[in-house]
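# Examination of the molecular architecture
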Amino acid sequence: MNWVFLIAAILAEVTATLCLRMASQGGGRKWLTGIVAGYLAAFAGLTLALDGGLALGVAYGIWVASGVALTAIASRILFREPLTKLMSAGIGLIVIGVLCIELGVAS
């Protein structure tokens, strides 16, 4: 269940960040609810994952890294922002880093 909370936290954080982008494009107040609710849900999910026993370094590392990667991909799709080969390589390194963190805890 801890992983479900962590995944929910990641998705909520990405949603809130995307709402921030929409608000910056002139939507302002209509996106405020998504921003506030998303970040509150993200921190609640992270807290529940930690409370359930996930190590802080693992949970936070995965939360941040996944958020960065998913936000970059979503902003490419939704806002036509650049996603260069170098940025894609960085996302690949994030995935490798998260795997290393997870495997490091398991050993």
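As the structure is a prediction and not an experimental result, all values here were calculated from the model. (Residues numbered from 1 in each chain as written. Predicted model: local features only at pLDDT ≥ 70, side-chain atom pairs only at ≥ 80, totals over all residues. Heavy atoms only, no water.)

### Considerations on the nonpolar core
In this structure, L6, I10, L46, I62 and W63 are the most contacted members of the largest nonpolar core, which totals 18 residues. Those elements that place two or more of their residues in this core are α1 (2–27), α2 (32–51) and α3 (56–79). Per-element accounting of this core gives the leading share, seven residues, to α3. Sequence-distant contacts of W63, defined by excluding residues within four places in its chain, comprise L6, A9, I10, E13, A42, F43 and L46. (Core = buried A, V, L, I, M, F, W, Y, C linked by side-chain atoms within 4.5 Å. Buried < 20%, exposed > 50% of the residue type's maximum accessible area, 1.4 Å probe, protein only. Helix = DSSP H or I, 4+ residues; strand = E, 2+ residues; numbered from the N terminus. Contact = heavy atoms within 4.5 Å.)

### Describing a nonpolar patch on the surface
The grouping of W3, I7, L11 and L70 at the surface amounts to a nonpolar patch, some 380 Å² of accessible area in total. When residues of the nonpolar patch are assigned to their parent elements, the largest contribution, three residues, is made by α1. One can find L11 in helix α1. (Patch = residues over 30% accessible without salt bridge, like charges linked within 9 Å, V, L, I, M, F, W, Y side chains within 5 Å. Areas by Shrake-Rupley, 256 points an atom, 1.4 Å probe, with all protein chains shown as cover. Salt bridge = Lys/Arg side-chain N within 4 Å of Asp/Glu carboxyl O.)

### Quick word on α2
For an α-helix the count is 3.6 residues per turn, leaving residues at separations of three or four pointing the same way. Taking 1.5 Å per residue as the helical rise, α2 with its 20 residues ought to reach 28 Å, and the 28 Å between its terminal C-alpha atoms agrees with that figure. Those residues of α2 that fall on the buried side of the exposure criterion are I35, G38, A42, G45, L46 and A49. Looking straight down α2, one finds that the buried residues subtend no more than 110° of arc, so they occupy a single side. Those residues of α2 that are exposed and angled more than 90 degrees off the buried face are T33, L40 and D51. In this structure, the buried residues of α2 make contact with α1 and α3. In the segment just after α2, G53 is the residue with positive phi, at about 120°. (Expected span 1.5 Å × (residues − 1). Arc of directions from axis to C-beta.)

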